[in-house]
There are 2 protein chains.
Amino acid sequence: MISKELLAVARGDLRAELVFRGGRVFDAFNGVFVETDLAVHQGRIAGMGDYEGETVVDCQGKYLIPGFIDAHVHLESSMMTPDQFSGLLLSRGTTAVVADPHELANVYGMHAVDYLLGAAERIPLDLFVMLPSCVPATEMETAGAVLEAEDLEPRMGADRVLGLGEMMNFPGVIQGDDRVLAKLEMADRYRKPLDGHMDTTDRNSFNAYAAAGIEANHECTTPEAARLNLENGLRLMIREGTATKNLEALLPVVNEFNLSQCMFCTDDRHPDHIRHEGHIDYMVRRSISLGIRPEWAIRMASLNAAQFFGLKDRGALQPGKLADMLVVSDLERLEIDQVYKSGVLMAEHGEYTGTVPESIPLPEGMKVGLNARPITREDLVLDTDRPVLPVIGIIPNEVVTRHEEVAGAAVNMEDFRKIVVVERHHASGNVGVGLIRGFDFRNGAIGSTIAHDSHNIVLAGDNDEDILTAFEELNRIRGGLVVVSGGKVLAELPLPIGGLLSDRPYEEVEEALEKLRLAVESLGDRGRFDPFMTLAFMALPVIPELKITDRGMFDVMAFRHLDQ
Amino acid sequence: MISKELLAVARGDLRAELVFRGGRVFDAFNGVFVETDLAVHQGRIAGMGDYEGETVVDCQGKYLIPGFIDAHVHLESSMMTPDQFSGLLLSRGTTAVVADPHELANVYGMHAVDYLLGAAERIPLDLFVMLPSCVPATEMETAGAVLEAEDLEPRMGADRVLGLGEMMNFPGVIQGDDRVLAKLEMADRYRKPLDGHMDTTDRNSFNAYAAAGIEANHECTTPEAARLNLENGLRLMIREGTATKNLEALLPVVNEFNLSQCMFCTDDRHPDHIRHEGHIDYMVRRSISLGIRPEWAIRMASLNAAQFFGLKDRGALQPGKLADMLVVSDLERLEIDQVYKSGVLMAEHGEYTGTVPESIPLPEGMKVGLNARPITREDLVLDTDRPVLPVIGIIPNEVVTRHEEVAGAAVNMEDFRKIVVVERHHASGNVGVGLIRGFDFRNGAIGSTIAHDSHNIVLAGDNDEDILTAFEELNRIRGGLVVVSGGKVLAELPLPIGGLLSDRPYEEVEEALEKLRLAVESLGDRGRFDPFMTLAFMALPVIPELKITDRGMFDVMAFRHLDQ
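Heads up: these notes are all about the structure in this document. Note that the coordinates shown come from a computational prediction; the quantities given were computed from them, not determined experimentally. (Residues numbered from 1 in each chain as written. Chains lettered and ligands numbered in written order. Predicted model: local features only at pLDDT ≥ 70, side-chain atom pairs only at ≥ 80, totals over all residues. Heavy atoms only, no water.)

## Remarks on the overall build of chain A
The following threshold applies: Runs of H or I in DSSP of at least four residues are treated as helices and runs of E of at least two as strands, each being numbered from the N terminus. As defined in this context, the radius of gyration uses C-alpha atoms, and a globule is described by 2.2 Å times the residue total to the power 0.38. Residue exposure (1.4 Å probe, protein chains only): buried if accessible area is under 20% of the type maximum, exposed if over 50%, otherwise partly exposed. Pairs of residues are marked as contacts when any of their non-hydrogen atoms sit within 4.5 Å. All accessible areas in this document rest on Shrake-Rupley with a 1.4 Å probe, and a residue is counted as covered only by the protein chains that are shown. His is not counted, nor are the chain ends, whereas Lys and Arg count as positive and Asp and Glu as negative. Think of each charge as sitting on NZ of Lys, CZ of Arg, CG of Asp or CD of Glu.
Of regular secondary structure, chain A possesses 17 helices and 28 strands. The C-alpha atoms of chain A give a radius of gyration of 24 Å, which matches the 24 Å a tight globule of 564 residues would have. When burial is assessed residue by residue, chain A has 66% of its 564 residues classed as buried. Pairs at least 24 apart in sequence give 66% of the contacts found in chain A among residues at least 6 apart. Accessible surface, chain A as shown: approximately 18900 Å² in total, 47% of it carbon and sulfur. Here chain A contributes 53 positively and 88 negatively charged side chains, and the mean placements of these two sets differ by 2 Å.

## Re the pattern of salt bridges
Going by this rule: For this analysis, a salt bridge means a side-chain nitrogen from Lys or Arg found within 4 Å of a carboxyl oxygen belonging to Asp or Glu.
The full count for this structure, using the stated rule, is 84 salt bridges over all chains. Residue Asp379 of chain A is joined to Arg373 of chain A by a salt bridge in which the shortest nitrogen-to-oxygen separation is 3.3 Å. By relative accessible area, Asp379 of chain A is classed as partly exposed at 22%. Between Arg285 of chain B and Asp281 of chain B there is a salt bridge, and its shortest N-O distance comes to 3.2 Å. Pair noted here: Arg285 of chain B and Asp281 of chain B are both in helix H12 (residues 280-289), with a separation of four residues, about one helical turn. Classification of Arg285 of chain B by relative accessible area gives partly exposed; the value is 22%.

## Digging into the relation of the copies chain A and chain B
Short version of the rule: Alignment of the copies relies on least squares applied to C-alpha atoms, considering only residues that score at least 70 for pLDDT in both.
Least-squares fitting of chain A to chain B yields an RMSD of 0.1 Å, with the transformation described by 0.0 Å of translation along the axis and a rotation of 180°. Both copies are brought into coincidence by an operation consistent with a two-fold rotation axis. It is Glu256 of chain A whose C-alpha, among those of chain A, lies nearest the rotation axis, at 2.7 Å. When the interface residues of chain A are mapped onto chain B, 100% of them are again interface residues, pointing to one common binding face.

## As for the packing of aromatic side chains
To keep it simple, the criterion reads: Any two of the Phe, Tyr and Trp rings considered here, Trp counted by its six-membered ring, make a pair once their centres fall within 6.5 Å; the pair's planes then place it as stacked at under 30 degrees, edge-to-face at over 60, or tilted in between.
The full count for this structure, using the stated rule, is 16 aromatic pairs over all chains. Relative to Phe33 of chain A, the ring of Phe26 of chain A lies with its centre 5.2 Å away and its plane at 45°, an arrangement referred to as tilted. Phe26 of chain A sits in the buried class, given a relative accessible area of 0%. The interplanar angle of 85° and the centroid separation of 6.3 Å between the aromatic rings of Phe26 of chain A and Phe257 of chain B together place this pair among those described as edge-to-face. Of this pair, Phe26 of chain A sits in strand S1 (residues 16-27) while Phe257 of chain B sits in the loop between helix H10 (247-250) and strand S13 (262-265), which puts the two residues in different chains. Take Phe26 of chain A and Phe257 of chain B: they sit in the same class, and that class is buried.

## Topic: the interface of chain A and chain B
Let me state the cut-off plainly: Accessible surface is computed with a 1.4 Å probe, and the buried area is the amount of it that two parts give up when combined, taken over both parts together. Definition of a polar contact: a pair of N or O atoms within 3.5 Å, with one able to donate and the other able to accept a hydrogen when the atoms are protein atoms, and with sequence-neighbouring residues admitted only if both atoms are side-chain atoms. The nonpolar class holds Ala, Val, Leu, Ile, Met, Phe, Trp, Tyr, Cys and Pro. Asp, Glu, Lys and Arg form the charged class, and all remaining residues, Gly among them, are polar.
In this complex, chain A contributes 63 residues to the contact, which on the side of chain B involves 63 residues. Surface buried jointly by chain A and chain B totals about 5300 Å² across both partners, of which 50% is contributed by carbon and sulfur atoms. Counting the contacts that link chain A with chain B gives eight salt bridges. Across the chain A-chain B interface, the total number found is 33 residue pairs in polar contact (both at pLDDT 80 or more). Mapped onto the side of chain A that touches chain B, the elements with two or more residues apiece are helix H1 (4-11), S1, strand S3 (44-49), helix H6 (170-174), helix H7 (178-189), helix H8 (203-211), helix H9 (223-231) and helix H13 (294-300) of chain A. Its residues placed into classes, the side of chain A that touches chain B shows 26 nonpolar, 18 polar and 19 charged.

## Overview of the sheet that holds strand S26 (residues 546-549) of chain A
Residues and elements named next belong to chain A. The condition that has to hold: Two strands qualify as a pair provided DSSP detects at least 2 bridges between them.
Read across the sheet, three strands follow the order S26-S27-S28 without closing on themselves; strand pairing throughout is antiparallel. Of all strands in the sheet, those with a lone pairing partner are S26 and strand S28 (560-561), marking the two edges. Inspection of the sheet shows strand S27 (residues 552-555) paired to S28 by two bridges, in the antiparallel sense. Residue pairing in the sheet places Asp555 in a bridge with Arg560 of S28.

## Thoughts on the sheet that holds strand S10 (residues 194-196) of chain B
All names here are of chain B. Applicable threshold: Note on geometry: axes are C-alpha line fits, over the in-contact stretch for helices, and angles between N-to-C directions span 0 to 180 degrees.
Strand order in the open sheet formed by eight strands is S6-S7-S8-S9-S10-S11-S12-S13, with parallel pairing between adjacent strands. Unpaired on one side and paired on the other, strand S6 (68-73) and S13 mark the two borders of the sheet. For strand S12 (residues 235-239) and S13, the ladder comprises four bridges, and the chain directions are parallel. Bridge pairing links Ile238 to Phe264 in S13. Along the sheet face, helix H9 (residues 223-231) touches strand S11 (216-217), S12 and S13 and points at about 150° away from the line of S12. Across the face of the sheet, H12 comes into contact with S6, strand S7 (94-99), S12 and S13 while running at roughly 125° to S13.

## Concerning the side chain of Asp337 of chain A
All names here are of chain A. Assignment of secondary structure puts Asp337 in strand S15 (residues 335-341). A relative accessible area of 7% places Asp337 in the buried class. Separated by 2.9 Å, the side chains of Asp337 and Ser329 make a polar contact. In this structure, Asp337 is in contact with Lys62, Val327, Val328, Ser329, Ala347, Glu348 and His349, ignoring residues within four places of it in sequence.

## Considering the pairing of strand S21 (residues 431-437) of chain A
Residues and elements named next belong to chain A. With five of seven residues buried, S21 is to be regarded as a mostly interior element. Where strand S18 (residues 388-394) and S21 come together, three bridges link them in parallel fashion. Residue pairing for S21: Val391 is matched across the bridge by Leu435. As paired elements, strand S20 (residues 416-422) and S21 share seven bridges and run antiparallel to each other. Within S21, the residue paired with Val421 across the bridge is Gly432.

## Points about the environment of Val431 of chain B
Residues and elements named next belong to chain B. Among the secondary structure elements, Val431 is positioned in strand S21 (residues 431-437). Residue Val431 is classed as partly exposed on the basis of its relative accessible area, which comes to 22%. When neighbours within four sequence positions are excluded, Val431 is seen to be in contact with Ile375, Asp379, Val420, Val421, Val422 and Asp550.

## Some words on the packing of helix H5 (residues 149-156) of chain A against H7 of chain A
Residues and elements named next belong to chain A. How we decide: Roughly parallel covers angles under 35 degrees, roughly antiparallel covers those over 145, roughly perpendicular covers 65 to 115, and oblique covers all other angles. Take the far helix as the reference: if the near one is turned anticlockwise from it by less than a right angle, the crossing is left-handed, and if turned clockwise, right-handed.
The contact between H5 and H7 brings their axes to 10 Å, and the two run at 15°. Viewed along their axes, H5 and H7 adopt a mutual orientation that is roughly parallel. Crossing hand, H5 versus H7: right-handed. Of H7, the residues touching H5 (which contributes Ala149, Leu152, Glu153 and Met156) are Ala182, Lys183, Met186, Ala187 and Arg189. Tallied by class, residues from the contact of H5 with H7 come to six nonpolar, no polar and three charged.

## Concerning the side chain of Thr138 of chain B
All names here are of chain B. When you line up the elements, Thr138 lands in the loop between strand S8 (126-131) and helix H5 (149-156). Separated by 3.1 Å, the side chain of Thr138 and the backbone nitrogen of Met140 make a polar contact. Ignoring any residue separated from it by four or fewer positions in sequence, one finds Thr138 in contact with Pro541 and Val542.

## Side note on H7 of chain A
Stated precisely, the cut-off is as follows: For a helix, the expected span equals 1.5 Å multiplied by the number of residues minus one.
In this model H7 of chain A runs 16 Å from its N-terminal to its C-terminal C-alpha over twelve residues, within 8% of the 16 Å that 1.5 Å per residue would give. The set of residues buried in H7 of chain A consists of Val180, Leu181, Lys183, Leu184, Glu185, Met186 and Ala187 of chain A. Among the structural elements, H5, strand S9 (161-167), H6 and strand S10 (194-196) of chain A together with helix H1 (4-11) of chain B are those in contact with the buried residues of H7 of chain A. A positive phi of about 55° marks Arg191 of chain A, the residue just after H7 of chain A.

## Brief notes about the environment of Pro271 of chain B
Residues and elements named next belong to chain B. Note that Pro271 resides in helix H11 (residues 271-276). C-alpha separation for the pair Pro271 and Met79, spaced 192 residues apart in sequence, amounts to 7.1 Å. Pro271 has contacts with Ser77, Ser78, Met79, Met80, Leu88, Val509 and Leu513, leaving out every residue within four places of it along the chain.

## Observations regarding the environment of Asn258 of chain B
Structurally, Asn258 of chain B is set in the loop between H10 and S13. Residues Asn258 of chain B and Lys312 of chain B, spaced 54 residues apart in sequence, show a C-alpha to C-alpha distance of 21 Å. Contact partners of Asn258 of chain B, with chain neighbours within four places excluded, come to Phe29 and Asn30 of chain A together with Leu230 and Val253 of chain B.

Now the structure itself:
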């Protein structure tokens, strides 16, 4: 509905509720700052020009810019519920996110989508949803759900559902797999965007991927891939996550011609990084420090995403749009003094000042905890009588691994650790056991229910007793992260929502993460890499070279499980 | 449906139907030309790279660019049926148009929309429709139809209907008129674009117009208005019509930041101009000659309109999109050698070579001819006993007029002509009679059924007999243009479709227009301006200063009819 009152304010016939006086307002379309008043009424922008307001905010010497939009994020990586996520992101100037509940959906299927859609109605952050396209991520592991086109379709028409999320199964797209194409065609029938996920410099792959209708991609890591991605008409989502950082590598690709096609996203970002380094605001700040004009960086952080996703009500400080805006005192350093969401002050100087939203009710289908068959020492036996055993070689701070080998007779728990994946969705009793090299901790075990993308229970340790204790503790706390030594739990972070999200405030999450870090350090970890983040990617069978699933060690290059 | 065959061609696993070899292919996203092959299959682009084709087109030294899109056009100004319009535009490199049947709809209401939608299925040109938002244009005249939101809505969901056409009633928008807002809200419910029509440098007007959701505007004539238009988030449609030419004035506003927000349109362009000067191709050529980079001009002529209107299948030479493309031998001069529509050759060196489409059936509601009550000499009497009579003062080549006056006793047919508007939709018998000054022709009358926007019969002459003859002839030929002298018809162009469109090939239309020009010349017209085009705007009561409707002389500044 068009507000007649808003029109009256715009015309100058009615006093605005709120006027920002004398700031430099970002004109997101011409790329300049205009020194003018800005009137806000009923949560929306009424206009720039000379306006009188019931409340006047002095903005002399300050800049007004639109709130930031994260074009692709898995909120699961924050380990926070949407209400906590909302406050943290608003404190950083992000006023809208396009979230793909890929992780929760691998546990709970479409209940995860309904959870986010329900949460979106209760939090001040504007949360939009892309339907997860790849549940499960592969056929090589056991996830909690299988989502086909017909499972997704009932939610595709929802207002807050913007499209189909990252299509990671790019081989399936390129080869024309029927089940994959059915999902693309379904989303296209709703005229909603199709998000991609492919990193290659192979022209033919991009041609086929684009020909199938994929419209965006956040997976490019090299300038060559990014240029080819743009050439093929896919929007370039430049990503700066916690594990995967592409901003510096990709910014040189952005030019005056393709600027409108580029946007920012975080994909996966941990809560401590968001809190201390920042979110999209960090990307804007870092871009400016790398020589990008502030106007360009702000546009990639706001308008471009809004236009791509058809979010007509945001992305620029323009009459009729939501008054999602940031008051900035230093543009080059992007010092954000205040954050307004729909005209309401939500944060000052990085601290959330908004109301604390009600907690988000869980759909019935998400009240189920872990469902793993109990394991015993017998499940953890490795056949060291074999002449040669495969070993996952950790490359610090990478999600790829080396495929190494060791003679059965040479296996020891000084150089290696056992790695164990226990299926936890259907109590199938599937247990994969193997060897991994590169962890520093000793006399203990670590365990996690964050294990991309099926999120089975993954454990690593140098003795079976601690591995079993870690397994039992994870079951007791309904999932999370745990460090065990000598049969005792040294530290833990319970993640009772799907084994992925905490139900506590983000300060507590951060504190628990720090205690986990100290606990592994006490076991000899040298801090060369984050052991839990490494653990989280060891069960992802699409990333080379050697991984492990609940069905055993997996040779990614040969795309098959190894006999053991 | 995604074509698996197209994917196979893209991958390189299947030979393409058509390969354009060795040309410089426009990368519409990065803004560069890439020397590469381009594969086309099933009418769509399969990819750039190394490809083999069943047919190979040698493009060495040539440029491949996307077909042009006219972002806003009234095909009625071409006076041609869609089949003829299609061939003429394709010969000029325009492969898609966004047409607003505002003129035909003022005669036939929604039947005009159905006519275009039906035609679109039969012609090779891709014709999209914006629903006419302002029928009638004003309350001050009698049109053939009245279209409210509820009349428009049944067609808003149609695939080829892209949105709501130019909202000329900007005062209604700004003041929050209920019937106007209802139309905007209706289109917004369908998530379709709302096109505007306003030329002002008043900030508050733009603020209210944008706050109501208007998204584009082709009416800006000054750089100041255009900049303000962009600042308020409205896409800038730069227009170059036959009467209204804004290209040169507005190009300086386009910069690297707002480039993606700008597009080209013709609005109203006569057939001879299209044929001899060009269409969107002319705008591209002229822009380049004015110093705009060809890459920028091409983007405004293609991709930007496609993105604005959500036409995902065109606007760039990108895998999956329609193979609507131009082979250009000289980029600076934009010499278009060949035009392909969906991979089919349609024109070479400016000549249409495509198939001639079947003629377009008229909807029942459009088979009605003129419906004017006969007029007699008594209807044409002017009260010269009055002390002072108002006179429309023609300003050559402008649509605005001067409000002049003459003493009743001083009225003569040397200096003045009678101007007469006869209502022709409902046989109401409404006749407006007044004086006009500025026509050169003598001893005769001219008449037309093209009279913006209600398209009543408008006649001008220096004697009643010729005016009556012109009226009768127009009725006989079911509308058109006519020149009469001494009771004889000297020349005419029948426009039997709504009094607006010819049913003849465009060569014949052009020939008839030339004969009309020679006929008025034989009556003393000095060619200072086009008398028919001037006549067509004398009954448009929204353009200052003095106009005439079927209800009499109309003072635009006071917005009321004058007593006579």
